[in-house]
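Chain residues, written in single-letter form:
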Amino acid sequence: MSADPNCIFCKIIEKKTPASVVHEDEHAIAFEDVNPQAPVHTLIVPKKHIPDIHSITVADRELVGHLFFVARKIAAQKGLEKNGYRMVINNGPGAGQTVLHIHLHLLSGRAFHWPPG
Ligand code: DGP
């Protein structure tokens, strides 16, 4: 799937829109959420434009796993292991997905409740 010209995350990947980037490699980018919901709120995003979890194919398995690997690396860099962190994927508007380009939320720095809201 090529870049979607209407996708805000594709624009960040293409450096057409600025973001506070904390990690970038061939397959993924991570940047600070513009509207943080916790003291740490970083988004891990594949460079491939995949709108939602249901659009993932068997060919994307390694890429999706890579997102978790990047999240783990950022969590280690930010020293989040001790107090823990939450990783969230909102899928579909009913679950709160507002940007149709899959992304992993990495949240930390405050208490989190369960069940989630
Ligand atoms: P979700 O609601 O799960 O689709 O999460 C989308 C997140 O993306 C939301 O927490 C706000 C963030 N976001 C939206 N637009 C921008 C942007 O232009 N820059 C950055 N850094 N984050 C954005």
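Residue positions are given per chain, counting from 1 as you read along its sequence in written order. Residues qualify for local features only when their pLDDT is at least 70, as the model is predicted, and side-chain atom pairs are given and counted only at 80 or more; totals for whole chains, interfaces and linings, by contrast, use all residues. The side-chain quantities take in all heavy atoms of the structure and omit both hydrogens and water.

> Explanation requested: the pattern of salt bridges in the structure shown.
Side-chain pairs of opposite charge can arise where the charged atoms are in close proximity. A pairing counts as a salt bridge when a side-chain nitrogen of Lys or Arg comes within 4 Å of a carboxyl oxygen of Asp or Glu. Per the stated rule, a full pass over the model turns up five salt bridges. Residues joined in a network through salt bridges with shared partners are K15, E24 and K47.

> Quick question: what am I supposed to make of the environment of V21 here?
Inspection of the secondary structure puts V21 in strand β1 (residues 21–24). Through-space distance from the C-alpha of V21 to that of F9 is 12 Å; in sequence the pair is 12 residues apart. The contact rule is simple, with two residues in contact once any of their heavy atoms fall within 4.5 Å. Apart from the residues within four sequence positions on either side, V21 is in contact with I29, A30 and F31. The helix and strand labels rest on DSSP assignments: H or I over at least four residues marks a helix, E over at least two residues marks a strand, and numbering proceeds from the N terminus.

> So what exactly am I meant to see when it comes to a nonpolar patch on the surface here?
Candidate patch residues must exceed 30% relative accessible area and have no salt bridge, after which like charges are joined if within 9 Å and Val, Leu, Ile, Met, Phe, Trp or Tyr side chains if within 5 Å. Accessible areas in this description were obtained via Shrake-Rupley with a 1.4 Å probe; residue shielding takes into account the shown protein chains only. A cluster of nonpolar side chains, contributed by I53, F68, Y85, M87 and I89, occupies part of the molecular surface with about 390 Å² of accessible area. Looking at the secondary structure, you find Y85 in the loop between α2 (61–77) and β4 (86–88).

> Looking at this structure, how should I read the state of the cysteines?
Between two cysteines, a covalent bond joining their sulfur atoms is known as a disulfide. We call a pair of cysteine sulfur atoms a disulfide when they lie within 2.5 Å. Within this structure, the stated rule accounts for zero disulfides. The thiol sulfur of C10 is not disulfide-bonded, and the nearest other cysteine sulfur, from C7, lies at 3.7 Å. The buried label applies to any residue whose accessible area, calculated with a 1.4 Å probe on protein chains only, is under 20% of its type's maximum; exposed applies above 50%, and partly exposed to all values in between. In this structure C10 comes out as buried when scored by relative accessible area, which is 2%.

> Honestly, the sheet that holds β4 in this entry has me stumped. Any pointers?
For sheets, the rule is that strands pair by backbone hydrogen bonds, running either parallel or antiparallel. Spatial ordering of the open sheet is given by β1-β2-β3-β5-β4, a layout of five strands whose pairing is antiparallel. Two strands lie at the open edges of the sheet, namely β1 and β4, each paired on one side alone. Averaged over all neighbouring strand pairs, the angle between strand axes comes to 20°, with direction disregarded. DSSP calls a pair of strands paired once it identifies at least 2 bridges connecting them. As judged from the three bridges shared by β4 and strand β5 (residues 104–108), these two strands associate in the antiparallel manner. Whenever a helix is involved, its axis is fitted only over the stretch in contact; in every case the axis is a line through C-alpha atoms, and angles between N-to-C directions fall within 0 to 180 degrees.

> Help me understand the pairing of strand β3 (residues 40–46) in this model?
Remember that side chains alternate between the two faces of the sheet whenever the strand is regular. Across the seven residues of β3, seven count as buried, placing the element largely inside the fold. Here β3 shows a buried face lined by V40, T42, I44 and P46 and a second buried face lined by H41, L43 and V45. Alignment of strand β2 (residues 28–32) against β3, held across five bridges, turns out to be antiparallel. Counterpart to F31 in the pairing with β3 is L43. Alignment of β3 against β5, held across five bridges, turns out to be antiparallel. Bridge pairing in β5 links T42 to L106.

> Teacher, can you tell me more about the site of the ligand here?
Here a residue counts as near a molecule or strand whenever at least one of its heavy atoms sits within 4 Å of it. The environment of the ligand is made up of 15 residues, and the closest members are D33, N90, G96, T98 and H105. For this analysis, a polar contact is any N or O atom pair within 3.5 Å, provided that within protein one partner can donate a hydrogen and the other can accept it, and provided that sequence-adjacent residues contribute only side-chain to side-chain pairs. With respect to the ligand, the backbone of V34 contributes an N or O atom lying 3.3 Å from a nitrogen atom. H105 places a polar side-chain atom, nitrogen or oxygen, 2.8 Å from an oxygen atom of the ligand. Bound to the protein, the ligand loses 83% of the 510 Å² it would expose on its own. Top element by residues in the shell around the ligand is helix α1 (residues 8–13). It accounts for three residues.

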